Amino acid sequence: MIETDRLILRPWLESDAASLFRYASDPAVGPVAGWPPHTSIDDSLEIIRTVFAAPEIYAVVLKATYEPIGSCGIMFSNGMRSADMKHCEAEIGYWIGKPYWGQGLIPEAVNALLSRSFNELGIDALWCAYYDGNTKSKRVCEKTGFKYHHTNQDIVSPLGDIRTEHFHLMTREDYNAI
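Residues numbered from 1 in each chain as written. Predicted model: local features only at pLDDT ≥ 70, side-chain atom pairs only at ≥ 80, totals over all residues. Heavy atoms only, no water.

Moving on, we come to the confidence of the model for the protein chain. Taken as a whole, the protein chain shows an average pLDDT of 93; of its residues, 96% reach a score of 70 or greater. Across the protein chain, strand β2 (residues 7-10) holds the top mean pLDDT of 98, while helix α2 (residues 30-33) sits lowest at 90. (pLDDT = per-residue confidence, 0-100. Helix = DSSP H or I, 4+ residues; strand = E, 2+ residues; numbered from the N terminus.)

The structure is reproduced here in structure tokens:
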């Protein structure tokens, strides 16, 4: 468990399925990040049991309500990720429910994961990627100190469409200089 001023980052629980569905079923949330909206609480439960069961994947829980309102995580080279990573590198991914957009909650969560990655897990570099047009994810990269690295065009997203994906990088040296 990781605590910030307003958040608790903790593993997903099967009992979180209804909350996950509440936010992940919104068509404004998943497709911009490349995944389909959840179609049922059972769909969300299956995501908790599979995708969100990976190490270092956290429910973003609002301290004020103790409700999961999004997800963030550190994805390693042997799992699901977008970046072409080397040994001792990882990728940070995140999303948050639409009612919580624009409140700085995901940058707060990402900063906690940056600290964990560099200070506890011994990661040398972290990637963060987003699809063209996902201005909210772009802002998270900017706010948390990631530096633009490169763009890949004609990427097939998990939804099967062709997209442009922008990659940002933060090295241990970058992190220590912040």
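The next thing to look at is helix α5 (residues 135-143). For α5, the set of buried residues is S137, V140 and C141. The buried residues of α5 occupy one face: seen down the axis, they fall within an arc of 100°. Against the buried residues of α5 lie β5 (89-96), α4 (105-120), β6 (125-131) and β8 (162-171). The positive-phi residue at the C-terminal boundary of α5 is G145, with phi of around 95°. (Buried < 20%, exposed > 50% of the residue type's maximum accessible area, 1.4 Å probe, protein only. Arc of directions from axis to C-beta. Contact = heavy atoms within 4.5 Å.)

Moving on: the sheet that holds strand β7 (residues 147-156). Overall, mixed pairing links the eight strands, which are arranged β1-β2-β3-β4-β5-β6-β8-β7 in an open sheet. Edge positions in the sheet fall to β1 (2-3) and β7, since each has one partner strand and no second. For β6 and β8, the ladder comprises seven bridges, and the chain directions are antiparallel. When the bridges of β8 are listed, W127 appears paired with L169. Contacting β4 (67-76) and β5, helix α1 (residues 17-24) crosses the sheet at an angle of about 85° to β4. (Pairing = 2+ DSSP bridges. Axes fitted to C-alpha atoms, helices over the stretch in contact; angles between N-to-C directions.)

The next thing to look at is the side chain of N134. Mapped onto the fold, N134 is located in the loop between β6 and α5. From its side chain, N134 meets the backbone nitrogen of S137 in a polar contact 3.2 Å long. When residues no more than four places from it in sequence are discounted, the contact partners of N134 are V32 and A33. (Polar contact = N/O pair within 3.5 Å; in protein donor to acceptor, adjacent residues only side chain to side chain.)

Here we come to the pairing of β5. Burial within β5 is extensive, with seven of its eight residues counted as buried. In terms of strand pairing, β4 meets β5 through seven bridges, oriented antiparallel. By the bridge assignment, C72 is partnered in β5 with Y94. With three bridges joining them, β5 and β6 adopt parallel strand pairing.

Moving on, we come to the pattern of salt bridges. Within this structure, the stated rule accounts for 11 salt bridges. Where E67 meets R22, a salt bridge forms, and the shortest distance between an N and an O atom there is 2.1 Å. With E67 in strand β4 and R22 in helix α1, the pair connects residues that are 45 residues apart, well separated along the chain. Note on R22: relative accessible area 46%, which makes it partly exposed. For D161, the salt bridge identified is with R163, shortest N-O distance 3.0 Å. (Salt bridge = Lys/Arg side-chain N within 4 Å of Asp/Glu carboxyl O.)

As a further point, take the packing of aromatic side chains. Taken as a whole and judged by the stated rule, the model has five aromatic pairs. Ring geometry for W127 and F167: centres 6.4 Å apart, planes at 85°, overall edge-to-face. Of this pair, W127 sits in strand β6 while F167 is found in strand β8, placing the two residues 40 residues apart along the sequence. With relative accessibility at 2%, the residue F167 sits in the buried group. When the ring centre of Y131 is taken as origin, the NZ or CZ atom of R163, which lies over that ring, is 4.6 Å away. (Phe/Tyr/Trp six-rings, centres within 6.5 Å; stacked < 30°, edge-to-face > 60°. Lys NZ or Arg CZ within 6 Å of the ring centre and 35° of its normal.)

Core analysis: the biggest nonpolar cluster contains 46 residues, and L9, Y94, L114, L126 and F146 have the highest contact counts within it. The element contributing the most residues to this core is α4, with eight residues. In contact with L126, other than residues within four places in its own chain, are I74, A90, E91, I92, L114, S117, F118, F146, H168, L169 and M170. Listed in part, the six residues of the second largest apolar core include A125, A129, F167 and L169. (Core = buried A, V, L, I, M, F, W, Y, C linked by side-chain atoms within 4.5 Å.)

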